[in-house]
Amino acid sequence: MRIAVLALQGAFVEHEQMLHDLGAETFEVRQLSDWQQPKDALVVPGGESTTQLHLLTQLGLLEPIREAILGGLPVFGTCAGLILLAKQEDGQPREGLCTMDIDVCRNAYGRQLGSFHTDGEVAGFSTPLPLTFIRAPYVHRCLSPEVEVLSKVDGRIVAVRQGRQLATAFHPELTNDNRLHQYFLSLIDKV
């Protein structure tokens, strides 16, 4: 299994390490020629969504990546990745990959000092997962019945799945628990 990891900014190395530990091969996407390599899935890491969007556009990656996801390429977006996948922000259409039928609220938990860690229930897992939130967004609402809510914290949606798209407001790559990455790898084989 070969996973493309968007490596423009953010916590991409941690995703790579977690995927390697699960036996997956990864490669970094920094330019269009990287993206044109064979791949089975994509990870869009946390970081700063505005910076990532600017770089995706400037490097000519935005449209090819969007088309691949809409064509069925599995994708896992964390934090900023969730924002980039969302079709709306605060009820308004937004720029980005815009492949998930969700409306997000950015920096919902405030500045860096508003970051926190908790354990939370995630659908499909028998025991709680460690959830690390860093200037995290959350999903304000789902725009389609195709979106499955996987987790909520304090009544706010923090993990969703739509087909083979998985997105979290938290950073599973910053913990020692690889179950969510393993779950993502299981989505790759689903048609």
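These numbers come from a predicted model, not from an experiment.

Caption draft 1: Highlighting the overall build of the chain. Each helix and strand counted, the chain has six helices and 13 strands in total. Here the chain has a C-alpha radius of gyration of 15 Å; the compact-globule value for 191 residues is 16 Å, and the two agree. Projected onto its principal axes, the C-alpha positions of the chain cover 40 × 35 × 35 Å. Counting contacts in the chain only where the partners sit at least 6 residues apart, residues at least 24 apart contribute 62% of the total. Total accessible area computed for the chain in this model is approximately 8400 Å², and 48% of it derives from carbon and sulfur atoms. Of the side chains in the chain, 16 bear a positive and 23 a negative charge, and the two mean positions are spaced by 4 Å.

Caption draft 2: Geometry of the nonpolar core. W35, L42, L56, I65, L97, I102 and V160 are the most contacted members of the largest nonpolar core, which has 30 residues in total. Counting only elements with at least two residues in this core, the list comes to β1 (2–6), β2 (25–29), β3 (41–44), α3 (49–58), α4 (62–70), α5 (80–85), β7 (100–105) and β12 (156–162). Ranked by residues supplied to this core, first place goes to α5 with four residues. Aside from chain neighbours lying at most four places away, what touches L97 is V44, L62, I65, R66, I69, L84 and L85. Counting 28 residues, the second largest nonpolar core, distinct from the first, contains F76, A159, F170 and L185.

Caption draft 3: Spatial organisation of the layout of surface pockets. Of the voids in this model, the largest pocket is the one considered here, and its volume is about 180 Å³. Contributing to the lining of the largest pocket are 15 residues, with G47, E48, C79, I134 and R135 lying nearest its centre. Its residues assigned to classes, the lining of the largest pocket comprises six nonpolar, six polar and three charged.

Caption draft 4: View of the pattern of salt bridges. Scanning the model with the defined rule gives nine salt bridges in all. For R30, the salt bridge identified is with E28, shortest N-O distance 2.7 Å. In this structure, R94 engages E89 in a salt bridge whose closest nitrogen and oxygen atoms are separated by 3.2 Å. Note on R94: relative accessible area 14%, which makes it buried. Each of the salt bridges in this network shares a partner with another, and the network as a whole consists of E48, E89, R94 and R106.

Caption draft 5: Layout of the pairing of β3. Side chains A41 and V43 project from β3 onto one buried face, and the interleaved L42 and V44 project onto a second face that is buried too. For β1 and β3, the ladder comprises three bridges, and the chain directions are parallel. Directly across from I3, in β3, lies its bridge partner A41. Sheet topology places β3 next to strand β4 (residues 75–78); three bridges connect them, and they run parallel. Across the sheet, residue V44 finds its bridge partner in β4, namely G77.

Caption draft 6: Representation of α4 within the structure. Regarding α4, the residues found buried are L62, I65, R66 and I69. In a view along the axis of α4, the buried residues occupy a sector of 100 degrees, so they form one face of it.

Caption draft 7: Local environment of unusual backbone geometry. Phi at C98 takes a positive value of approximately 55 degrees, unusual for a residue other than glycine. Relative to the assigned elements, C98 resides in the loop between β6 (92–93) and β7. Residue classification places C98 among the buried residues on the basis of a relative accessible area of 17%.

What counts, and where the lines are drawn
Residues numbered from 1 in each chain as written. Predicted model: local features only at pLDDT ≥ 70, side-chain atom pairs only at ≥ 80, totals over all residues. Heavy atoms only, no water. Helix = DSSP H or I, 4+ residues; strand = E, 2+ residues; numbered from the N terminus. Rg over C-alpha atoms; globule rule 2.2 N^0.38 Å. Contact = heavy atoms within 4.5 Å. Areas by Shrake-Rupley, 256 points an atom, 1.4 Å probe, with all protein chains shown as cover. Lys, Arg positive; Asp, Glu negative; His and termini not counted. Charge placed at Lys NZ, Arg CZ, Asp CG, Glu CD. Core = buried A, V, L, I, M, F, W, Y, C linked by side-chain atoms within 4.5 Å. Buried < 20%, exposed > 50% of the residue type's maximum accessible area, 1.4 Å probe, protein only. 1 Å grid on protein atoms, 1.4 Å probe; cavity = no way out; pocket = protein on both sides within 12 Å on 5 of 7 lines; lining within 4 Å. Points joined across faces, edges and corners; volume = space filled by probe spheres on them. Nonpolar A, V, L, I, M, F, W, Y, C, P; charged D, E, K, R; others polar. Salt bridge = Lys/Arg side-chain N within 4 Å of Asp/Glu carboxyl O. Pairing = 2+ DSSP bridges. Arc of directions from axis to C-beta.

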